[in-house]
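Structural overview for review
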Amino acid sequence: MNFIETRGNDGQHPEQVSFSEAILTPIASYGGLYSPQSLPELNEAFLNAHLSADYKTLARSMLDAFDVDIDNPIIDRALELYDGFDDPSNPVPVVRVSEDLYVSELYHGPTRAFKDMALQPFGIVLSSIAQNRNENYLILTATSGDTGPAALETFKNRANVRVACMYPIGGTSDVQRLQMVTEDASNLKVIGVKGDFDDTQNALKRLLASKSFKQTLKEKHIHLSAANSVNFGRIIFQTIYHVHSYLELVRQNAIAMGEKVYLDVPSGNFGNALGGYYAMKMGLPVEKILIASNRNNILTQLIRTGVYDLRTMEVVPTTSPAMDILISSNIERVLFDLFGAERTKALMQKLETDQCYELTAKEHQQIQSIFAADFCDDQQGKKYIKDAFAQGYLMDPHTATCFKAYETCREKPLKTIVYSTAEWTKFSPVIANALTGEVDSHDIDALKTIAQEAGIEIPGMISELFDKEVTQTSVIEKENIEREILAFL
Ligand SMILES: *Cc1c(COP(=O)(O)O)cnc(C)c1O
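Just so you know, these numbers come straight off a predicted model, no measurement behind them.

Further remarks concern the site of the ligand. Near the ligand, the surroundings consist of 15 residues, among which K115, D146, G268, N269 and T421 are the closest. One of the side-chain nitrogen or oxygen atoms of K115 is found 2.6 Å away from an oxygen atom of the ligand. Within the contact set of the ligand, an oxygen atom lies 2.4 Å away from a side-chain nitrogen or oxygen of D146. Against a free-state accessible area of 380 Å², the protein chains account for coverage of 97% of the ligand. The residue makeup of the shell around the ligand, split by class, is six nonpolar, seven polar and two charged.

Across a sheet, paired strands are connected by hydrogen bonds in the backbone, their directions being either parallel or antiparallel. In spatial order, the strands read β2-β1-β3; together these three strands make up an open sheet with antiparallel pairing. Looking at the sheet topology across the chains shown, the edges are occupied by β2 (17–18) and β3 (34–36). Bridge analysis of strand β1 (residues 2–5) against β3 gives three bridges, and the strand direction is antiparallel. Looking across to β3, one finds that E5 is bridged to Y34.

A few words on the side chain of T111. With respect to the secondary-structure elements, T111 resides in the loop between β5 (101–105) and α5 (115–133). Judged by relative accessible area, which is 3%, T111 ranks as buried. The residues contacting T111, other than those within four sequence positions of it, are D116, P149, A150, E153, Q179 and K426.

As a further point, take the environment of I385. The topology assignment puts I385 in helix α16 (residues 378–390). The exposure class of I385 is buried, given its relative accessible area of 0%. When the C-alpha positions of I385 and T408 are compared, they lie 17 Å apart, and in sequence the two are 23 residues distant.

The next thing to look at is the packing of aromatic side chains. Aromatic rings considered in pairs are described by the distance between their centres and by the relative angle of their planes. This model, assessed by the stated rule, comprises 13 aromatic pairs. An angle of 55° between the planes, with centres 5.9 Å apart, marks the rings of F232 and Y278 as tilted. Taken as a pair, F232 in helix α10 (residues 232–251) and Y278 in helix α11 (residues 271–282) lie far apart in primary sequence, 46 residues in all. Exposure remark for F232: the relative accessible area of 1% places this residue in the buried category.

Contact geometry for helix α6 (residues 147–155) and helix α7 (residues 174–181): axes closest at 9 Å, N-to-C directions at 25°. As far as their axial angle goes, α7 and α6 are roughly parallel. The handedness of the crossing between α6 and α7 is left-handed. Side by side, α6 and α7 meet where G148, P149 and L152 of the first sit next to Q176, Q179 and M180 of the second.

Let's shift gears to the pairing of strand β7 (residues 161–168). Each regular strand displays side chains that alternate between the two surfaces of the sheet. Taken across its eight residues, β7 has seven buried, putting it largely inside the fold. The pairing of strand β6 (residues 136–142) with β7 spans six bridges and is classified as parallel. The partner of T141 across the bridge, within β7, is C165. Pairing of β7 with strand β8 (residues 188–194), which is carried by six bridges, proceeds in the parallel orientation. Its bridge partner lying in β8, C165 is registered against V190. Running through α7, the crossover from β7 to the neighbouring parallel element β8 is right-handed.

Pairs may arise between side chains of opposite charge once their charged atoms sit close together. Inspection of the entire model under this criterion finds 27 salt bridges. As a salt-bridge pair, R7 and E352 come within 3.4 Å of each other at their nearest N and O atoms. Taken together, the positions of R7 in the loop between β1 and β2 and E352 in helix α14 (residues 341–354) put the pair 345 residues apart, joining distant regions of the chain. Classification of R7 by relative accessible area gives buried; the value is 8%. Among the ionic pairs, D337 bridges to K281, the shortest N-O distance being 3.0 Å. You can see D337 sitting in helix α13 (residues 331–339) and its partner K281 sitting in helix α11, a full 56 residues away along the chain. Residue class for D337 comes out partly exposed when judged on its relative accessible area of 26%. By sharing partners, the salt bridges in this structure join R7, E332 and E352 into a single network.

Here the focus is the nonpolar core. Y357 and F371 are the most contacted members of the largest nonpolar core, which has 145 residues in total. Y357 has contacts with L302, G306, V307, Y308, I331, L335, L347, M348, K350 and L351, leaving out every residue within four places of it along the chain.

About the cut-offs
Residues numbered from 1 in each chain as written. Predicted model: local features only at pLDDT ≥ 70, side-chain atom pairs only at ≥ 80, totals over all residues. Heavy atoms only, no water. Near = heavy atom within 4 Å. Polar contact = N/O pair within 3.5 Å; in protein donor to acceptor, adjacent residues only side chain to side chain. Areas by Shrake-Rupley, 256 points an atom, 1.4 Å probe, with all protein chains shown as cover. Nonpolar A, V, L, I, M, F, W, Y, C, P; charged D, E, K, R; others polar. Pairing = 2+ DSSP bridges. Helix = DSSP H or I, 4+ residues; strand = E, 2+ residues; numbered from the N terminus. Buried < 20%, exposed > 50% of the residue type's maximum accessible area, 1.4 Å probe, protein only. Contact = heavy atoms within 4.5 Å. Phe/Tyr/Trp six-rings, centres within 6.5 Å; stacked < 30°, edge-to-face > 60°. Axes fitted to C-alpha atoms, helices over the stretch in contact; angles between N-to-C directions. Parallel < 35°, antiparallel > 145°, perpendicular 65-115°, else oblique. Left-handed = near helix turned anticlockwise from the far one by under 90°. Right-handed = clockwise from strand over helix to strand, strands pointing away. Salt bridge = Lys/Arg side-chain N within 4 Å of Asp/Glu carboxyl O. Core = buried A, V, L, I, M, F, W, Y, C linked by side-chain atoms within 4.5 Å.

Dropping the structure here:
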């Protein structure tokens, strides 16, 4: 399978690239993204054939269907990392919470958030390609809290890869920050940036596009890459669990094969939802994809009105910080898939110059035939957490936003798969407050509160963090990122 560019070709980049090229050098002509030229089909025979297959087998078949140019032994080693999840035989449990609502838990990996689903195997894939080519890579990543720990974890001590990870100071939970600043491998650099997530993501995009920065790296024989969700190497692994979750519902006799479901996705940069979109396009029986947001509700606006307008919006910090994003990068791939490169380029340029674009009525209709959206503010989110807990289900504030969309966006009484993107341990102060009204400003106190309230234990991998030595101490202004990274190299 080959990849083409969402904003068309500028005559300098290759017109098509392979999967491995697309993941090594993810930025395309005019600042666009690489997208698959065509998608494989997952018909009912494929789904039936995988009803009794385990997660890794399904993943292998889907990567085969995508015809990726990665050798089988590397794929096998990459997928083996799912054995490190809580239950190797089922890394993504799907549990019924109420009526039609099922939760697909994507957080059972080493850093307790859904980023592990893609980044765990991605680390092996990327480092193996780099080794085969005898090349060295610098992975730049901007994180709002979960990508960073997952990227550091997957690339720690891997050959031919170094990671520079930027996070917004104060924009993450204690646990997230500790997961990053206690990583001490020599190929890892963690940088706290004064600003919000969009600032750090924009700084990352500028660096990726910077000729002078690339030139300096070239002199050091280092290639530049990115592990953010614009990288298709992540999206492909995020398509698999949507199919898996559907099959789980069939296995649990919740639905018959072929019956449609809603996918209900807590969304920020739209990588998770994009995986669902591709799965649907490939043939997974999906009625609609519900896009859940917090008060940074630009996606709700786009899907409801057809207008993406940044002019009146500013990022507001919420209790679901992984979704405190207004520039939602992966929407571009949906626009490209539906409307083509020329139109996508025009829309994206309009966004850059005017901070706003507007779809035509017909385009908007197409979007609405696939997506519905709602947003959930922090107060409502806490109520959903409390109510779900009363029903016996403990969830994090990102997942909670989906419960609102479940209530307001379904037009039909179909089974709904909510994607749970983080374990309770990662956002404990909000959850403790929702459950007991107590205000704990430190994660460790909140973790204890919840553990007591729910009659469970704080997982060892989380409680250990508080005793670990902090080895990563850089905190800088966003203007100094380039200099800081060059000093690390
Ligand atoms: C990254 C993340 C999201 C948002 O996912 P996108 O793919 O960026 O839309 C939601 N919840 C949590 C906990 C996350 O870590």
